[in-house]
Amino acid sequence: MSAGRRKPAQRDPAPDAGGLTVIVTHINADFDAVGSLIAARHLYPGAVCVIPGGTERTVRDFMVQSTLYSLNLEGAPEIDLERVERLVVVDTRQADRIGRMAALLGRDDVEVHIYDHHPDSDEDFSGRVTIVEPTGSTVAVLVKLLKQRKIIVPPEQATVMAMGIYEDTGGLTFNSTTVDDYDAARYCLECGAELSTVGDLMARTMDTEQVLVLGDLLRSVRRLHFGSTPVALAEAQVASGGQDLALVVNRLAQIEHLPTIFALFRVEGRVTLIARSSLPKVDVGRICRELGGGGHPTAASASLPDKTLVEAHELLRAVLRSNFSKRPIAEQIMTTSPRCIEYDATVEQALRELVRWRINALCVVREGRFAGVITRQTVGGAMHHGQGDRPVSEFLQVEPQSVAPKESFERIYELIVGRGNRLLPVVDRGRVLGVIARGDLLRALGERMDATRPLRAEPRAHRSLRNQMEQRLPRKAMAVLRKIGRVAHAAGYESYAVGGFVRDLIIGRSNLDVDVVVEGDVLDLVPQLTAKLGCRAAIHERYKTAKLIMPDGMRVDLASARWETYAEPAARPEVEIGSIKSDLFRRDFTINTLLIRLRPRGFGELLDHFDGRRDIKDSKLRVLHSLSFIEDPTRILRAVRFLVRFDFRLGRQTEKLMNMAISREFLSRVDGKRLLSELRLICEEQEPLEVFEMMRELKIWRYFSPRILLDERQHAHLARLREVLAWHALLYTGVRISLWRVWTLGLCNRMNEQLFGEFLERLKIAARDRERLRLCREQAGDAVQALARLRSPRPSTVDRILGTLDREALLFAMATTGRETTRQAISAYISHYSQIGIELRGDDLLQLGLSSGPQIGEVLTRVRAAKLDERVKGRSEQLALARRLIRRRH
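Residues numbered from 1 in each chain as written. Predicted model: local features only at pLDDT ≥ 70, side-chain atom pairs only at ≥ 80, totals over all residues. Heavy atoms only, no water.

**Quick look at the side chain of Thr138**
How we decide: Numbering of helices and strands runs from the N terminus; a helix is a DSSP stretch of H or I covering at least four residues, while a strand is a stretch of E covering at least two. Categorising residues by exposure relies on relative accessible area from a 1.4 Å probe, with only protein chains included: less than 20% of the type maximum marks a residue as buried, more than 50% marks it as exposed, and the intermediate range marks it as partly exposed. Whenever a nitrogen or oxygen atom comes within 3.5 Å of another N or O atom, the pair is scored as a polar contact, on the condition that within protein one atom can donate a hydrogen and the other can accept it, and that pairs from neighbouring residues in sequence are kept only if both atoms are in side chains. Note on definitions: a residue-residue contact is assigned when non-hydrogen atoms from the two residues lie within 4.5 Å.
By the secondary structure assignment, Thr138 is in helix H3 (residues 138–148). The buried category is assigned to Thr138, whose relative accessible area is 0%. In this structure the side chain of Thr138 is engaged in a polar contact, spanning 2.6 Å, whose partner is the side chain of Asp91. Apart from the residues within four sequence positions on either side, Thr138 is in contact with Asp32, Ser36, Asp91, Tyr115, Asp116 and His117.

Written as structure tokens, this is what we have:
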């Protein structure tokens with residue numbers, strides 16, 4: 001389940017083997033809760049379904065009119081808790097929402113299974129099985145399991161399940177709706193769900209009491225603004241708790257066109273809060289969780305017992321102020337590792353730095369202390385007037401502005417927006433700690449500076465991935481990451497797991513190649529880490545990287561967050577230590593920019609600066625900036641690999657940029673070694689032939705060799721090679737092969753020696769590998785010809801022809817030959833003949849009177865040939881044959 005969250009020790013739901021299985025949902029159950037009970041009942045046959053504290057009125061009315069009471073939905077008091085051995089919880093993970101059943105959560109003899117779709121909260125309990133999907137409904141989570149088990153539910157029950165999906169997704173229109181919700185709705189229809197009944201639910205009208213409540217809400221609506229965020233508050237007294245208040249709130253939002261509404265109801269001695277939001281930046285679920293409730297970003301609720309409406313109103317406003325009115329201070333907004341230039345540097349040098357780092361202003365320092373700011377506009381003007389050799393000190397801004405690390409947001413806003421400062425240095429005791437540009441300010445306001453660079457200053461932690469990490473990583477790996485986080489934190493550094501490891505964790509793929517980035521000089525941490533982890537380290541001083549090698553072989557790549565610049569297209573990057581934002585911006589695709597925080601507080605939090613998580617959800621591959629493929633054209637090859645591996649598509653702008661880079665032939669500037677490195681990675685993919693085909697469509701092969709055409713004939717040959725490799729992998733012979741060598745032989749199958757040599761030269765393949773590839777080509781060709789001349793070769797003959805060939809040559813030969821008998825002979829050799837040995841040794845022949853020397857090997861070879869041809873079997877027959885052979889020699 002690619003987007004789900006599962007905990008350790010998971011096993012599939014199964015019928016109860018003994019004792020009592022209870023399925024429970026939350027108090028005041030809605031259609032999604034009841035639909036989830038129904039779906040779970042089919043996964044746990046014989047289980048008892050419990051609604052712990054009533055249902056919404058619309059649910060109750062529907063059930064009275066239908067035959068659903070035949071499901072024996074129990075009340076919590078009727079359950080003997082001592083008999084319960086398994087508790088299945090659907091549509092919630094909060095103990096205070098399952099009533100009396102919460103008493104079972106602390107018992108060691110009760111196995112807890114959870115199915116939910118709500119966002120994580122601090123109040124969540126866990127279970128032996130925990131399946132949480134970010135879908136619009138919990139029914140969709142359970143339907144996925146029903147479909148896997150090919151379980152069909154009765155039409156009336158399918159109708160209720162469909163009503164749960166449609167109610168929680170607003171008829172499949174809410175932002176929280178996912179593909180799984182659509183699939184679940186389709187499943188319900190296939191089971192016979194009645195759309196007319198579902199439509200009646202969506203179009204249901206309010207009764208007289210609800211209309212009166214709506215009137216009270218309309219009269220009480222107050223519109224507030226927290227910064228640029230509109231929020232509406234409303235309140236009403238309700239005579240009894242039988243109303244469907246969610247319907248009333250939905251109608252209020254529609255009538256008054258309210259993007260965000262918080263409605264307070266005084267009902268039977270307690271206050272109930274119902275919230276709705278259509279604004280992505282207003283997460284009502286998070287706000288309601290702070291008030292003891294829960295829900296989704298778009299729909300949530302909370303119960304406030306022992307509060308009057310006035311008290312609840314004040315409490316709500318305080319929570320809203322804390323959520324919307326918090327303004328970050330300078331050190332939280334700034335970009336660290338600012339670009340600085342010396343006071344006596346020339347204007348021409350400043351221009352080179354501005355162009356090199358693609359920035360619009362530089363801090364100027366004098367003996368390490370802040371002296372001013374110089375802008376690209378000023379530098380350009382000075383160059384225009386022939387002042388390139390003059391020092392930048394002559395052109396500094398008059399009265400340059402700077403702020404302290406704790407400076408308020410309001411002051412920063414005034415200096416940048418009100419006074420037009422392009423760059424605002426953050427200075428502490430004369431030392432420049434960071435800079436705040438207009439883009440940093442906009443990102444702090446929650447807006448985007450540029451569609452090609454959607455980088456936020458400090459993104460909200462979308463959720464914690466700690467559960468996924470605990471499930472998919474060995475305990476040793478988790479311990480290593482926690483220790484790295486603690487050591488970095490103690491040194492004052494932030495540390496993050498980053499890149500493909502995080503991406504694959506979210507996608508649900510196995511990946512134990514862990515990369516860690518540290519904001520600071522990572523080499524400072526290596527001595528402490530090697531001591532605490534008992535490992536050794538390989539250090540690369542130039543790039544500020546290190547590889548930790550654990551005693552059990554586990555490896556963790558460490559790197560300092562850094563800037564990278566390129567002197568020219570396809571050149572090796574120049575590296576300097578920078579901020580985590582600058583480090584992410586140098587990466588290839590948004591899906592590889594996701595971070596997992598490693599510091600002790602917040603360990604496992606997912607940070608997403610570039611909307612990488614959304615791109616994963618949308619199956620989209622996007623670069624971070626418009627020069628990405630120009631600066632590093634090998635990203636074109638990586639893009640093709642990822643498109644095939646993940647079945648993604650290119651973003652529209654990314655596709656345009658990639659096609660432009662290909663048409664302008666930037667790949668022709670790439671060094672052969674880098675092309676070879678990418679080719680080797682492609683050959684390790686699960687479906688390299690699909691990658692090859694996409695490279696053909698994009699006309700990329702010409703940069704490797706003009707003779708790799710991948711026409712129909714060559715494609716057929718490579719398809720046979722794929723089949724051979726798949727067959728060999730299933731044999732589990734224990735013989736390791738070099739996939740890139742085998743695929744390279746296949747790609748170059750139709751080249752003559754001269755063209756093959758040119759290909760090897762273009763990719764700068766090492767001399768040893770060149771000789772091995774040439775030898776494999778020659779051996780495979782000779783073997784195929786030799787076997788083709790034999791009508792029915794004996795096993796010993798096949799063994800003699802093939803016995804000296806590398807395994808790569810054998811597989812290549814097997815794919816190359818067009819004769820089935822030759823293919824069968826090679827197959828028999830690999831799978832059988834090569835595994836056959838004899839029971840004799842050299843010492844046995846010495847005891848038979850044969851003197852030491854090459855003749856020992858000759859006799860053993862002839863004995864093995866006889867065994868292959870089944871002319872001798874056991875040791876006694878082999879000894880007898882050896883005696884005869886030795887006598888003939890004498």
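**Side note on the pattern of salt bridges**
Under the convention used in this document: For salt bridges, the criterion is a side-chain nitrogen of Lys or Arg within 4 Å of an Asp or Glu carboxyl oxygen.
As enumerated under the stated definition, the model contains 49 salt bridges in all. In this structure, Arg587 engages Asp583 in a salt bridge whose closest nitrogen and oxygen atoms are separated by 2.9 Å. Take Arg587: its relative accessible area is 16%, and that puts it in the buried class. When its relative accessible area of 0% is taken as the criterion, Asp583 is described as buried. Across the salt bridge formed by Arg772 and Asp806, the nearest N and O atoms sit 3.3 Å from each other. In this pair, Arg772 is assigned in helix H30 (residues 767–788) and Asp806 in the loop between helix H31 (795–802) and helix H32 (807–816), connecting sequence segments 34 residues apart. In the salt-bridge network here, residues are joined through shared partners; they are Asp588, Asp632, Arg635, Arg638, Arg641, Arg645, Arg674, Glu678 and Glu685.

**Topic: a positive patch on the surface**
Selection rule: Nonpolar side chains (Val, Leu, Ile, Met, Phe, Trp, Tyr) are joined into patches within 5 Å and like charges within 9 Å, using only residues with over 30% relative accessible area and no salt bridge. Surface accessibility in these figures is a Shrake-Rupley result with a 1.4 Å probe; residues are shielded only by whichever protein chains are displayed. By the counting rule applied here, Lys and Arg register as positive and Asp and Glu as negative, while His and the ends of each chain are not counted. The location of each charge is read from NZ of Lys, CZ of Arg, CG of Asp or CD of Glu.
Together, Arg862, Arg883, Arg884, Arg887 and Arg888 give the surface a local cluster of positive charge. Tallying contributions element by element places helix H36 (residues 875–889) first for the positive patch, with four residues. Relative to the helices and strands, Arg883 resides in helix H36.

**Re the packing of helix H1 (residues 31–43) against H3**
When two helices pack together, you describe them by how their axes are tilted relative to each other and by the distance separating the axes. Applied cut-off: Axis definition: a line fit to C-alpha positions, over the contact stretch in the case of helices; interaxial angles, taken between N-to-C directions, run 0 to 180 degrees. Orientation is classified from the angle alone, with under 35 degrees giving roughly parallel, over 145 giving roughly antiparallel, 65 to 115 giving roughly perpendicular, and any other angle giving oblique. Take the far helix as your reference; a near helix turned counterclockwise from it by less than a right angle gives a left-handed crossing, and one turned clockwise gives a right-handed crossing.
Direction vectors running N to C along H1 and H3 enclose 15°, while the axes themselves pass 8 Å from each other. In terms of orientation, H1 and H3 fall into the roughly parallel class. Here H1 runs over H3; the crossing is left-handed. Taking contact as the criterion, the partners of Asp32, Gly35, Ser36, Ala39, Ala40, His42 and Leu43 in H1 are, on H3, Thr138, Val139, Leu142, Leu145 and Leu146.

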